[in-house]
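Listed here are the chains, written in short residue letters.
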Amino acid sequence: DAGVIQSPRHEVTEMGQEVTLRCKPISGHNSLFWYRQTMMRGLELLIYFNNNVPIDDSGMPEDRFSAKMPNASFSTLKIQPSEPRDSAVYFCASSAITGNQPQHFGDGTRLSIL
Amino acid sequence: DQQVKQNSPSLSVQEGRISILNCDYTNSMFDYFLWYKKYPAEGPTFLISISSIKDKNEDGRFTVFLNKSAKHLSLHIVPSQPGDSAVYFCAASAQTSYDKVIFGPGTSLSVIP
């Protein structure tokens, strides 16, 4: 069974450019999560969706960040314009919707903003 | 303010011995706890969980203990193997929103052959 698939695995871009990170959750999972991992703040939840609907985006750091989930099999996290302090590893995770279901993580996108 | 704390950034253990990873939490609303393991360049992988109605949960070599009064949990790995070398994250969530999982900063475990 395919796990959570993220692309690209690595992204290096210049400050001010738009960055789009992509995620395909596990088929049948109804919840999708975007996390950011940095040395300073660890693993922090940015936003999550249930049945393609954003439920909690309180972790999104600024208006420069936006996330969409147009269908059950695809989500994007966009940063526009990007800044050097956005450099981090971004993880996508998915889980079944009911109760205490563990989240399954993708292998992350390592983002470097120069 | 960190709601989930892992005060030991790293731990080294000899192969075959017990590894004990500790975790403390501050939010009394947390009632479900998880441990994830992470290898370099990979995403975290779910390892084991425990509900607050229990004080122990065991899965093979892995056992999680929960002390609610102390707001403390620990992960025991017995016996430790070199393949267990990874970063271990403690995580917690509350009944109000089990989806909103709060992760600790992680403990890097090295199992020495």
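Structure's up top.
Anyway, here's the lowdown on the structure attached to this text. (Residues numbered from 1 in each chain as written. Chains lettered and ligands numbered in written order. Predicted model: local features only at pLDDT ≥ 70, side-chain atom pairs only at ≥ 80, totals over all residues. Heavy atoms only, no water.)

### Here's the deal with empty space enclosed by the protein
Where empty space is left can be seen by rolling a probe of water-molecule size over the atoms.
Thought 1: Overall, the coordinates contain 2 cavities of 30 Å³ or more when judged by the stated rule.
Thought 2: Reported here for the largest cavity is a volume of approximately 50 Å³.
Thought 3: Around the largest cavity sit 11 residues that line it, and Gln 101 of chain A together with Tyr 32, Leu 34, Tyr 98 and Val 101 of chain B are the ones nearest its centre.
Thought 4: Elements represented by at least two residues in the lining of the largest cavity include exactly strand S4 (30-38) and strand S10 (97-103) of chain B.
Thought 5: Residue contributions to the lining of the largest cavity peak at 3 residues, all from S4 of chain B.
Thought 6: Its residues placed into classes, the lining of the largest cavity shows 6 nonpolar, 5 polar and no charged. (1 Å grid on protein atoms, 1.4 Å probe; cavity = no way out; pocket = protein on both sides within 12 Å on 5 of 7 lines; lining within 4 Å. Points joined across faces, edges and corners; volume = space filled by probe spheres on them. Helix = DSSP H or I, 4+ residues; strand = E, 2+ residues; numbered from the N terminus. Nonpolar A, V, L, I, M, F, W, Y, C, P; charged D, E, K, R; others polar.)

### A look at the pairing of strand S8 (residues 74-79) of chain A
Residue and element names in this part refer to chain A.
Thought 1: The pairing of strand S3 (residues 19-24) with S8 spans 5 bridges and is antiparallel. Bridge assignment links Thr 20 to a residue of S8, and that residue is Lys 78.
Thought 2: Examined bridge by bridge, strand S7 (residues 65-71) and S8 share 5 bridges and lie antiparallel to one another. The residue bridging Lys 68 from the neighbouring strand is Thr 76, located in S8.
Thought 3: Once S7 ends, the chain turns through 2 residues before running back antiparallel as S8. (Pairing = 2+ DSSP bridges.)

### A short note on the interface of chain B and chain A
Thought 1: Listed by partner, the interface residues are 16 residues for chain B and 20 residues for chain A.
Thought 2: Buried surface at the junction of chain B and chain A, both sides included, amounts to about 1500 Å², of which 54% is carbon and sulfur.
Thought 3: Interface area lost by chain B to chain A is led by Asp 99, Lys 100 and Phe 103 of chain B, which between them contribute 36%.
Thought 4: Across the chain B-chain A interface, the total number found is 1 salt bridge.
Thought 5: Here Lys 100 of chain B ties to Asp 56 of chain A by a salt bridge, and the two come within 2.7 Å at their closest N and O atoms.
Thought 6: Inspection of the region where chain B meets chain A yields 5 residue pairs in polar contact (both at pLDDT 80 or more).
Thought 7: With 6 residues, the single largest contributor to the side of chain B that touches chain A is S10 of chain B.
Thought 8: Of the residues belonging to the side of chain B that touches chain A, the class tally is 10 nonpolar, 2 polar and 4 charged. (Contact = heavy atoms within 4.5 Å. Buried area = accessible area lost by both parts, 1.4 Å probe. Salt bridge = Lys/Arg side-chain N within 4 Å of Asp/Glu carboxyl O. Polar contact = N/O pair within 3.5 Å; in protein donor to acceptor, adjacent residues only side chain to side chain.)

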